[in-house]
Amino acid sequence: MVHHRFATVDGHRLFYREAGEASKPTIVLLHGYPTSSFMFRELIPRLAGDFHVIAPDHLGFGLSDAPSVEQFTYTFDALADLTNRLLAQLRVERYAIYVQDYGAPIGWRLALNNPSAITGIVTQNGNGYEAGFVPSFWDGVWEFHRDRNEKTEAGMSHAMSLEAIRWQYVHGVADPTLVDPTVWWHDFALVSRPGNDAVQLDLFYDYASNLPLYPKLHEYFRAHQPPLLAVWGEGDEIFGPAGARAFADDLPDAKIHLVPGGGHFLLETNLDEVSRLIREFLAGLPRR
């Protein structure tokens, strides 16, 4: 049974989904752009029998509050801090993380802030190395960060269009008819809330702050050797397969699975395979 809850953290109302018994090992599911915990709606019931599952909506996304950029400074540091405070409020002290897209830099910050809290990592098209960035997608983001002006801002605003959100779901997918159109309409509706365009532009701008974090992340990998599963849509044209393979540079025991015919949102097309891999991975983690 999946529960749909709200918690107030630092004065902000955050929505989260929760399932499974709190006494069981916890996994925290961290979504990417432009979606929310909605992306985990089918995965959560498949994990809840054996695990305690928590899936929050980041501030500015999904059903969580979306204060204006005048009321809140949107950075990945700030989103990670809110997530950390939410988990503390829920008395979650040790947990595995599933990170995808934006969820990755949030998850990396949680791990760096408290390495002993992390029991394992599932990264599904969630980059931790420069090797994974596909230039055709990211060159515009880097240009926006170097010179934020009306022209570069207009280019990034296109990422919030229905067409661009649909592309995120269907690019690189062998059979796009497997993707329910509801998902991109759902995300588009929530991203289009009044004032949310400025929120997303600030996060696009701040994404470049994640790259300087990578050396510390790699040092964390080498020092702590967290168990890691990288399960990746092989056709992703945002974070390419090189991003999955790169984890083996610092984690020689990492389990890496490239899924043919899968794209950026792998749960929409390959849920059975991905959920099986995650369950097997989580079952092998130390229970302490």
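Residues numbered from 1 in each chain as written. Predicted model: local features only at pLDDT ≥ 70, side-chain atom pairs only at ≥ 80, totals over all residues. Heavy atoms only, no water.

Engineer: What should I look at first to understand the packing of aromatic side chains in this one?
Structural biologist: Each aromatic ring pair is specified by the distance between its two centres and by the angle formed by the two planes. Counted by the stated rule, this structure contains 31 aromatic pairs. Consider the rings of F40 and Y98, whose centres lie 5.2 Å apart with planes at 85 degrees: the pair is edge-to-face. With F40 in the loop between β3 (26–30) and α1 (43–47) and Y98 in strand β5 (residues 95–99), this residue pair connects regions lying 58 residues apart in the sequence. Exposure class is identical for F40 and Y98. Each is buried. Measuring from centroid to centroid gives 5.2 Å for F137 and W138, while their planes differ by 70 degrees, and the two rings are edge-to-face. Using a relative accessible area of 28% as the deciding quantity, one classes F137 as partly exposed. Note on W138: relative accessible area 5%, which makes it buried. Note that R13 overlies the ring of F6, its terminal NZ or CZ placed 3.7 Å from the centroid. The ring of F38 has R41 sitting right over it, with the charged end atom 4.4 Å from the ring centre. (Phe/Tyr/Trp six-rings, centres within 6.5 Å; stacked < 30°, edge-to-face > 60°. Helix = DSSP H or I, 4+ residues; strand = E, 2+ residues; numbered from the N terminus. Buried < 20%, exposed > 50% of the residue type's maximum accessible area, 1.4 Å probe, protein only. Lys NZ or Arg CZ within 6 Å of the ring centre and 35° of its normal.)

Engineer: Just to check I follow, could you spell out the nonpolar core for this structure?
Structural biologist: Taken as a class, soluble globular proteins show a tendency for nonpolar side chains to be buried jointly. Counting residues in each nonpolar core, the largest one holds 62 residues, and the members touching the most others are Y95, Y207 and F221. When residues in this core are grouped by element, the largest group, 7 residues, is from helix α2 (residues 76–89). Non-local contacts of Y95, meaning those with residues more than four positions away in its chain, are made with T26, V28, L87, L110, A117, I118, T119 and G120. In terms of nonpolar packing, the next biggest core, distinct from the first, is built from 35 residues, F38, M39, F51 and V170 among them. (Core = buried A, V, L, I, M, F, W, Y, C linked by side-chain atoms within 4.5 Å. Contact = heavy atoms within 4.5 Å.)

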